[in-house]
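Spelled out from the first residue to the last, the chains are:
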Amino acid sequence: MAAKSETTVPTNPDSYLHNPVFDLFSLKDRVVVITGGARGIGLALGFAVAEAGGSVAILDAAPQPHEHYKKLQEICKAEFYQADVTDYEKLQATFDKIVKDFGRIDGLITAAGVCPDQAFLDRDPRDVERTFKINVFGTYFATQLAVRQMVKQGRRSSALTSGAGSVVHIASVSAHEAPKLQLTSDYSSSKGAVLGLTHQLGSELASMGVRVNSISPGYILTDMSMALLEQRKDVGEVFVNAPAMKRMGDRTDLKGAAVYLLSDASAYMTGSEMLITGGLHVT
Ligand SMILES: NC(=O)c1ccc[n+]([C@@H]2O[C@H](COP(=O)([O-])OP(=O)(O)OC[C@H]3O[C@@H](n4cnc5c(N)ncnc54)[C@H](O)[C@@H]3O)[C@@H](O)[C@H]2O)c1
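Residues numbered from 1 in each chain as written. Predicted model: local features only at pLDDT ≥ 70, side-chain atom pairs only at ≥ 80, totals over all residues.

- As annotated in an unreviewed UniProt entry, the chain is NAD(P)-binding protein from Eremomyces bilateralis CBS 781.70.

Here it is in structure tokens:
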């Protein structure tokens, strides 16, 4: 016969009175690793973490970060680590170095990603494999390495959450619907896999105090989308007019969501997705 489980039913409905909202959003003393943070969405979310009081470890394949990184270093403890998320040994060594340099890991944002634009029937197997290696395996193993450290550290003593850490996957609206004019078969399917990982880990890691959620952006103005706009002028019209709000997203539009998901403000949220698309997914 299975052992009878002990259930503790809470009895104090007044704790909200002692948890002011700006305290809940604070990332003070938290260390957040950001893959793909040398530029684009990842770098902007590094500023969000810093502005909320946290420290930032950026991990990226690029040889050096965007010039804005210097400004980030002025407002928080920040370090840049060059590593390719598809090289597991290097990734593991980099996470070890981050723990040595910062002492802990409280949060992870997986923003490293690529978005090839080519017809399905022309895709070369090696190119498709590369997309999956970066977008899926890179996300998977960065999450595994970060969560191992979070679990090792154990739960924080914060009264409300007593959580051990929070992971934010950057997925995409493309996991839900085919983008108009863009040919992104491997990208869209890879982001579907990222969402599947979010759901599974939201369930599997909850008992360890680790929360896992996703942000799925719509069309956001970054180096990635600007490079595409240079090759495909026709896509610009779609980027502006397809969302219900008739504008492209700015990286600023994602900052609050990232801080919310990393912080105690979202203490009861896991395995979920925030679609930030200007209404693209409901048009
Ligand atoms: N920009 C958008 O409109 C948009 C929309 C939805 C989702 N996204 C997702 O957001 C994430 C960031 O996109 P972005 O627009 O900022 O792109 P970006 O190209 O500006 O930045 C991506 C970063 O990832 C890094 N990177 C690429 N391959 C890597 C690897 N193998 N190892 C480590 N780092 C690697 C790049 O060097 C770069 O710094 C991506 O996952 C992308 O799919 C972007």
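1. Observations regarding the overall build of the chain
Then step 1. The helix and strand tally for the chain stands at nine helices and seven strands.
Then step 2. Taken over C-alpha atoms, the radius of gyration comes to 19 Å for the chain, in line with the 19 Å a tight globule of 283 residues would show.
Then step 3. Referenced to the eigenvectors of the C-alpha coordinate spread, the extents of the chain come out at roughly 60 × 45 × 40 Å.
Then step 4. Residues classed as buried in the chain amount to 43% of the 283 residues present.
Then step 5. Within the chain, counting contacts between residues at least 6 apart in sequence, those at least 24 apart form 72% of the total. (Helix = DSSP H or I, 4+ residues; strand = E, 2+ residues; numbered from the N terminus. Rg over C-alpha atoms; globule rule 2.2 N^0.38 Å. Buried ≥ 20, exposed ≤ 12 C-beta atoms within 10 Å, placed from the backbone. Contact = placed C-beta atoms within 7 Å.)

2. Some thoughts on the nonpolar core
Then step 1. Residues Leu45, Ala146 and Ala258 are the most contacted members of the largest nonpolar core, which totals 64 residues.
Then step 2. In terms of residue count, the dominant contributor to this core is helix H2 (residues 40-51) (eight residues).
Then step 3. What Ala146 contacts, discounting residues up to four positions off in sequence, is Val33, Phe95, Ile105, Leu108 and Val167. (Core = buried A, V, L, I, M, F, W, Y, C linked by C-beta atoms within 7 Å.)

3. Focus: the site of the ligand
Then step 1. Taken together, 29 residues form the shell around the ligand, and within it Gly36, Gly40, Gly113, Thr222 and Met224 come nearest.
Then step 2. Elements with a contribution of two residues or more to the shell around the ligand: H2, helix H5 (125-153) and helix H7 (223-231).
Then step 3. When its residues are assigned to classes, the shell around the ligand shows 15 nonpolar, 10 polar and four charged. (Near = placed C-beta within 6 Å. Nonpolar A, V, L, I, M, F, W, Y, C, P; charged D, E, K, R; others polar.)

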